[in-house]
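Residues per chain, in single letters:
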Amino acid sequence: MIINLWRSFLMDNIDKNILHLLSQNSRMPATEIAHMIGLSIPATNKRIQRLKDNCTINRFTIETNPEHIEKTVSAFVFITISQFRDLPKLIDHIHSKPDILECYAITGEFDYILRVCAKSTGHLEQMLLELKKLDVVVKTNTVIALYTHKYKPVILPDSISNDN
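Predicted model, so just to flag it, every value in this text is computed and none were measured.

J.: Any chance you could break down the overall build of the chain for me, citing the residues and the numbers?
T.: Within the chain one finds six helices and four strands. Order of helices (α) and strands (β) in the chain, N terminus to C terminus: α-α-α-α-β-α-β-β-α-β. Looking at the chain as a whole, 31% of its 164 residues qualify as buried. Of the contacts formed within the chain by residues at least 6 apart in sequence, a portion of 66% connects residues at least 24 apart. If you sum the accessible surface of the chain, you get close to 11700 Å²; carbon and sulfur atoms cover 54% of it.

The following block contains the structure:
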């Protein structure tokens, strides 16, 4: 039984192709996907549903243009915290702020890195001051992104695409 459960999570090249197509356009109809991968529509729908059921696909979403939503400042904030027992304060703060897009625990001089967006450098400064007011934060270092040369919002299986 455990082996069958494990096998149900294995992806073959068809699943990888489906993920690749959906990562390019999450609204692509199953009829178009089926045609492109050479399966029937019901078989394609079944595979997409299985990828959702086994949490390979967590959600379908959109990618916005920062200029159109007036969030043109993108920055990375490195954080050192005082004590890990106070970490929930930081995590709660991060989850309460929609302009904090990502948070990672990291190795090296700093403990965490945040990716944030802001309307302006003034707005970014307000965000940084709020972070620094938290007792748990002892040090920050902020780097503003000047230009994005590559951005991939998803991680796809190594496989089928040569347009890396």
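This is not the end of the story, as more comes after the structure.
J.: Please give an account of helix 6 (residues 121-133) that cites residues and values.
T.: Here helix 6 is 13 residues long and its end C-alpha atoms lie 18 Å apart, about the 18 Å a rise of 1.5 Å per residue gives. On its buried face, helix 6 is in contact with strand 1 (73-81), helix 5 (87-96), strand 2 (100-105), strand 3 (112-118) and strand 4 (137-145).

J.: Go over the sheet that holds strand 4, please, and point to the residues and values.
T.: Taken together, four strands build an open sheet; the order of strands is 2-3-1-4 and the sheet is antiparallel. A strand with exactly one partner marks an edge of an open sheet, and here the two such strands are strand 2 and strand 4. Averaged over neighbouring strand pairs, the angle between their axes works out to 20° when direction is ignored. Pairing of strand 2 with strand 3, which is carried by five bridges, proceeds in the antiparallel orientation. The residue bridging Cys-103 from the neighbouring strand is Leu-114, located in strand 3. Contacts between helix 6 and the sheet are confined to strand 1, strand 2, strand 3 and strand 4, with strand 3 contributing the most and set at about 145° to the helix.

J.: Provide a residue-level description of unusual backbone geometry, including the pertinent values.
T.: Most peptide bonds take the trans form, and the phi angle of most residues other than glycine is negative. In this structure, Cys-55 is a non-glycine residue whose phi angle is positive, near 65°. Inspection of the secondary structure puts Cys-55 in the loop between helix 4 (41-53) and strand 1. With a phi angle near 55°, Glu-70 is a residue other than glycine that sits in the positive phi range. Looking at where Glu-70 falls in the secondary structure, it is placed in the loop between helix 4 and strand 1. Overall, Glu-70 belongs to the exposed group, its relative accessible area being 57%.

J.: I'd love a proper account of the nonpolar core, names of residues and values included.
T.: Counting 20 residues, the largest nonpolar core has Ile-79, Leu-90, Leu-114 and Val-116 as the members making the most contacts within it. Per-element accounting of this core gives the leading share, five residues, to strand 1. Those residues in contact with Leu-114 that lie beyond four places of it in its chain are Ala-75, Phe-76, Val-77, Ile-79, Ile-94, Ile-100, Glu-102, Cys-103 and Leu-131. Leu-19, Leu-21, Ile-48 and Ile-57 belong to the second-largest nonpolar core, a separate cluster that totals 10 residues.

Thresholds, definitions, all that
Residues numbered from 1 in each chain as written. Predicted model: local features only at pLDDT ≥ 70, side-chain atom pairs only at ≥ 80, totals over all residues. Heavy atoms only, no water. Helix = DSSP H or I, 4+ residues; strand = E, 2+ residues; numbered from the N terminus. Buried < 20%, exposed > 50% of the residue type's maximum accessible area, 1.4 Å probe, protein only. Contact = heavy atoms within 4.5 Å. Areas by Shrake-Rupley, 256 points an atom, 1.4 Å probe, with all protein chains shown as cover. Expected span 1.5 Å × (residues − 1). Pairing = 2+ DSSP bridges. Axes fitted to C-alpha atoms, helices over the stretch in contact; angles between N-to-C directions. Core = buried A, V, L, I, M, F, W, Y, C linked by side-chain atoms within 4.5 Å.

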